[in-house]
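What follows is each chain in one-letter form.
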Amino acid sequence: MANRAQVASNNSALISMIADEDTVTGFLLAGVGNVDLRRKTNYLIVDSKTTVKAIEDAFKEFTTREDVAIVLISQYVANMIRFLVDSYSKPVPAILEIPSKDHPYDPTHDSVLSRVKYLFSSESVASGRR
């Protein structure tokens, strides 16, 4: 059984990461990393030399890949490409902003949280029902 090759099925999906080295390394150690046959990874490590264009390209690539279900992005990186993150509206892959070691999480900048607050606000039709 240990020698059987694993076949990718339609039920499997990846988690992609755009974050600093420590955050990506932690998730890679947890088993999130993937390298396909074309040597493409499902993560981008952002450091001081990473350009905004490279971050934009990675975001666009990860959100259009059919094998990605979730894109985890450090909030400070998401702030660099906020216009892309805020304009993304598809349910899959889901975009989740996460904190990093050097940059704490600020809920006022989280686009997903603001959408959830809007849905459950007092103006919402469903908020009056119990």
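The rules we used
- Residues numbered from 1 in each chain as written.
- Predicted model: local features only at pLDDT ≥ 70, side-chain atom pairs only at ≥ 80, totals over all residues.
- Heavy atoms only, no water.
- UniProt positions renumbered as here; feature names shortened; annotations may be inferred.
- Core = buried A, V, L, I, M, F, W, Y, C linked by side-chain atoms within 4.5 Å.
- Buried < 20%, exposed > 50% of the residue type's maximum accessible area, 1.4 Å probe, protein only.
- Helix = DSSP H or I, 4+ residues; strand = E, 2+ residues; numbered from the N terminus.
- Pairing = 2+ DSSP bridges.
- Right-handed = clockwise from strand over helix to strand, strands pointing away.
- Expected span 1.5 Å × (residues − 1).
- Arc of directions from axis to C-beta.
- Contact = heavy atoms within 4.5 Å.
- Phe/Tyr/Trp six-rings, centres within 6.5 Å; stacked < 30°, edge-to-face > 60°.

Per an unreviewed UniProt entry, the protein carries the name V-type proton ATPase subunit F and comes from Macleaya cordata. As recorded by UniProt, the Subunit (unreviewed entry) comment attached to the protein reads in full: "V-ATPase is a heteromultimeric enzyme made up of two complexes: the ATP-hydrolytic V1 complex and the proton translocation V0 complex." Taken from UniProt, the Sequence similarities (unreviewed entry) comment for the protein reads in full: "Belongs to the V-ATPase F subunit family."

Points about the nonpolar core
With 19 residues, the main nonpolar core has Ile-18, Phe-59 and Ile-73 as its most contacted residues. At the level of secondary structure, the elements contributing two or more residues to this core comprise strand S1 (14–19), helix H2 (52–64), strand S3 (68–74), helix H3 (75–80) and helix H4 (82–87). Ranked by residues supplied to this core, first place goes to H2 with four residues. Val-24, Val-32, Leu-72 and Ile-98 belong to the second largest nonpolar core, which has six residues in total.

Describing the pairing of S1
For S1, the buried fraction is high: five of the six residues fall into the buried class. When S1 meets S3, the two strands line up parallel, connected through five bridges. Looking across to S3, one finds that Ile-18 is bridged to Ile-73. For the handedness criterion, the β-α-β arrangement of S1, helix H1 (residues 21–29) and strand S2 (residues 43–45) is classed as right-handed.

Comments concerning the pairing of S3
Among the seven residues that make up S3, five are buried, leaving the element largely enclosed by the rest of the structure. Bridge analysis of S3 against strand S4 (residues 94–98) gives five bridges, and the strand direction is parallel. Each residue of the ladder has a partner; that of Ser-74, found in S4, is Ile-98.

Section: H2
For H2, with 13 residues, the first-to-last C-alpha span of 18 Å sits near the 18 Å given by 1.5 Å per residue. If you check which residues of H2 are buried, you get Ile-55, Glu-56, Ala-58, Phe-59, Phe-62 and Thr-63. Angularly, the buried residues of H2 cover 165° about the axis, an arc narrow enough to put them on a single face. In H2, those exposed residues whose orientation departs by more than 90 degrees from the buried face are Lys-53 and Thr-64. Residues of H2 that are buried make contact with S1, S2, S3, H3, H4 and S4.

Overview of the packing of aromatic side chains
For the structure on display, the rule yields one aromatic pair. Judged by centre distance (6.1 Å) and plane angle (80°), the rings of Phe-59 and Tyr-88 are edge-to-face. Pair noted here: Phe-59 is in helix H2 and Tyr-88 is in the loop between H4 and S4, with a separation of 29 residues, a long-range link. In this pair, the class of Phe-59 matches that of Tyr-88, namely buried.

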